Amino acid sequence: MGIELQNHQSHQEEASPAEDPVSRWLISTPEPPTMWQELVKYTRTNVLSKKRNKKKNSSSSNRIYSFLKSVFPILNWGRQYKIKMFKKDLMAGLTLASLCIPQSIGYANLAGLDPEYGLYTSVVPPLIYSTMGSSRELAIGPVAVVSLLLSSMVRDLQDPITDPIAYRKIVYTVTFFAGAFQAIFGLFRLGFLVDFLSHAALVGFMAGAAIVIGLQQLKGLFGLSHFTNKTDVVSVLSSVFHSLHHPWQPLNFVIGSSFLIFILLARFIGKKYKKLFWIPAMAPLISVVLATLIVYLTNAETRGVKIVKHIKPGFNRPSVNQLQFNSPQLGHIAKIGLISAIIALTEAIAVGRSFATIKGYRLDGNKEMMALGFSNIAGSLTSCYVATGSFSRTAVNFSAGCETVVSNIVMAITVMVSLEVLTRFLYFTPTAILASIILSALPGLIDISGALHIWKLDKLDFLVLIAAFLGVLFASVEVGLLLAVGISFARIMLSSIRPNIEALGRLSKTDIFGDVNQYPMAIKTQGLLTLRISSPLLCFANANFIRDRILKSVGEVEEEEDEQEVKTDNAIQVVILDMSCVMGVDTSGVVALEELHQELASNNIRLVIASPRWRVLHKLKRAKLEEKVKEENIFMTVGEAVDTYLRVRTTSHDLC
């Protein structure tokens, strides 16, 4: 390789490193594997190799057992399970159940369902997850955000007040689709779809949802009868102010606010004294028991205190025949299921990974998706709604010293016993206490420090956060999500369509070339303009923009030289294009390079390509662009291109 100078071709041929083995390596690289070849290789590596390994096992039972262990991690760690671990899991599970029971009743109310359905959701999904999940601490069950999501979106299809049975059927079907999508994501390793909901979007969404949930609990806290079904803050506040003009009983507010203060005080004590973690965990259950006793002993329900009333006793009821696959609204139901699946997965995996990092083990994201998916599919068949990992309950589970997911099993069994034994006692539970329990859990959803960190780190990310927050707050949950995802996509598209073109200079006494704006001390070479394309793709979306930006950069340098009256022999003679960041190029990109070469050649400027990637170089060869640019103008590194130019220029000046 080398650079021909127009007036010294013969001398450059002497200086050209055509015999340099590095040059031959670059030009004579073999063709990269095709998509079909990569697919065959993947199949051989991941499928046929497994089959060969299975053939080594003579017994079919061994093959079956190996498959079962890969699907059910409990078969791996269960063999090493010890009684000491069970003691810790037992205490953690009982502590978890004490928090789970009141929260589940409250979240079911938030989802527009009867209280027992929240308890059902704390039985079957945790049991299924315990056999398939890879997290040791994650506590599975109903959560506030998903409950709000279902309530706001399913309510548009069916009002739970006018026809609660039809509403439940739609919720079961949504749960089935949510589980099916989650299982498919895990089976086909499509976890990247969950990443479309960025961290900033999730922080904003959670904060907005927390405020909306909190405002909706004013109905239970004040014991209001007339209340809106909408979730936006304007409608909710308007409904509260209008409802206060109707008769309402202050006893509901007294009970709810009193126990809310008690729960928050218990949480403060638990944070200050880590060994007393069980106090905030037990506080909701203690509040329910005390409030129920107060109402029962004082007959407060006759004085206007609203109570839960009847909760159906017994275990989960089959709901297979209630799934609405023939519904004319099936498309909308599937859409709600998809949104619920993504939200539930995002929350569960984020919570699971955070605690797995603390414990020092790796969480398998695909197994988590499969476990949550089958948990929700099983839940949809047993009168449950969408379940996922709860941050507050997982934190309690972790603090209680859980060792494995057996704590989830203990919790589920405890809830089953409660369904059979305690449902009659819960008849007199005031709805205000359920509202206070939900309100006490909401501060954990508002991450103010995280929002401030995002503001300091990335203003565009903060814009995504604000969009999700305001969308949920003033429109709906769905609008908030769409705004956040839309802005995130727009940001990605903008960076892809309008990539940076960086002017490079050499750092003194090194072979490193950096952006002259980032490194002002970088030295530019006279007669040479080195530019780097900061985009992984040179494609139809940005090819023309990149070509125009390069030509504009050349024009700007020439204008500066004209103003400074630079001699013609120091004018730009070569443009070196650093393509080390470009991973792929399409037809439009190749055409743009051809046009760039022609435009520069018409101005007696030579185009040099440095650091082309394997697939990019292959495309250039197939388009025969390397014949037009000439092979001697393609270099392995920017440093090699610059050194060759300097060597040729020095030789030319000496001969002159």
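The name given to the protein chain in an unreviewed UniProt entry is STAS domain-containing protein, and the organism recorded there is Microthlaspi erraticum.

Undergrad: Tell me about the domain arrangement of the protein chain, and name the residues and values.
TA: Accessible area lost upon the coming together of the parts is a frequently used measure of interface size. What the domain assignment lists for the protein chain is domain 1 (87–492) and domain 2 (499–655). Just the C-alpha atoms count here: the centres of domain 1 and domain 2 sit 56 Å apart.

Undergrad: Could you give an account of the confidence of the model for the protein chain, with specific residues and numbers?
TA: Confidence along the protein chain averages 87 in pLDDT terms, with 91% of residues attaining 70 or more. The low-confidence segment residues 1–19 (pLDDT under 50) makes 53 contacts with residues lying over four places distant or belonging to another chain. Ignoring residues within four places in sequence, the model shows residues 47–51, a span with pLDDT below 50, making three contacts including any to other chains.

Undergrad: Let's hear about the environment of Ser375: which residues, and what values?
TA: With respect to the secondary-structure elements, Ser375 resides in helix α17 (residues 365–380). On the basis of relative accessible area, Ser375 is assigned to the buried category, the value being 2%. Sequence spacing of Ser375 and Tyr129 is 246 residues, and the spatial spacing of their C-alpha atoms is 5.8 Å. Excluding its chain neighbours within four sequence positions, the residues that come into contact with Ser375 are Pro125, Ile128 and Tyr129. From its side chain, Ser375 meets the backbone oxygen of Ala371 in a polar contact 2.6 Å long.

Undergrad: Explain helix α15 (residues 278–298) to me, using residue names and the numbers behind them.
TA: The first and last C-alpha atoms of α15 sit 30 Å apart over 21 residues, in line with the 30 Å expected at 1.5 Å per residue. Residue Pro284 marks the point of greatest curvature in α15, where the axis turns by about 35 degrees. Restricting attention to buried positions, one finds in α15 the residues Pro280, Ala281, Ala283, Pro284, Ser287, Val288, Ala291, Thr292 and Val295. Packing partners of the buried residues in α15 comprise α6 (83–110), α14 (250–272), α18 (391–399) and α20 (431–441). At the C-terminal side of α15, Asn299 shows a positive phi close to 55 degrees.

Undergrad: Could you give an account of the side chain of Ser104, with specific residues and numbers?
TA: Structurally, the position occupied by Ser104 is in helix α6. By relative accessible area, Ser104 is classed as buried at 0%. In this view, Ser104 contacts Gly118, Leu119, Ser122 and Pro142; residues no more than four positions away in its chain are not counted.

Undergrad: Explain empty space enclosed by the protein to me, using residue names and the numbers behind them.
TA: For the structure shown, the criterion picks out three cavities of 30 Å³ or more. If you add up the space inside the largest cavity, you get close to 70 Å³. Lining the largest cavity, in full, are Ala503, Leu504, Gly505, Arg506, Phe513, Ile523, Lys524, Thr525, Leu528, Leu529, Thr530 and Val642. Contributing elements (two or more residues each) for the lining of the largest cavity: β3 (500–506) and β5 (528–534). No other element matches β3, which puts four residues into the lining of the largest cavity. Class assignment for the residues of the lining of the largest cavity results in seven nonpolar, three polar and two charged. Taken as a whole, the second largest cavity spans an internal volume of roughly 40 Å³. Ile533, Leu538, Ala543, Ile546, Arg547, Ile550, Leu577, Ala592, Leu593 and Leu596 together form the lining of the second largest cavity. If you list the elements that add at least two residues to the lining of the second largest cavity, you get α24 (543–563) and α25 (587–602). Among the elements that make up the lining of the second largest cavity, the one with the highest residue count is α24 (four residues). When the residues that make up the lining of the second largest cavity are grouped by side-chain class, the tally is nine nonpolar, no polar and one charged.

How each quantity is defined
Residues numbered from 1 in each chain as written. Predicted model: local features only at pLDDT ≥ 70, side-chain atom pairs only at ≥ 80, totals over all residues. Heavy atoms only, no water. Domains from an automatic or database assignment. pLDDT = per-residue confidence, 0-100. Contact = heavy atoms within 4.5 Å. Helix = DSSP H or I, 4+ residues; strand = E, 2+ residues; numbered from the N terminus. Buried < 20%, exposed > 50% of the residue type's maximum accessible area, 1.4 Å probe, protein only. Polar contact = N/O pair within 3.5 Å; in protein donor to acceptor, adjacent residues only side chain to side chain. Expected span 1.5 Å × (residues − 1). Bend = angle between axes of the 7 residues up to and from the residue. 1 Å grid on protein atoms, 1.4 Å probe; cavity = no way out; pocket = protein on both sides within 12 Å on 5 of 7 lines; lining within 4 Å. Points joined across faces, edges and corners; volume = space filled by probe spheres on them. Nonpolar A, V, L, I, M, F, W, Y, C, P; charged D, E, K, R; others polar.

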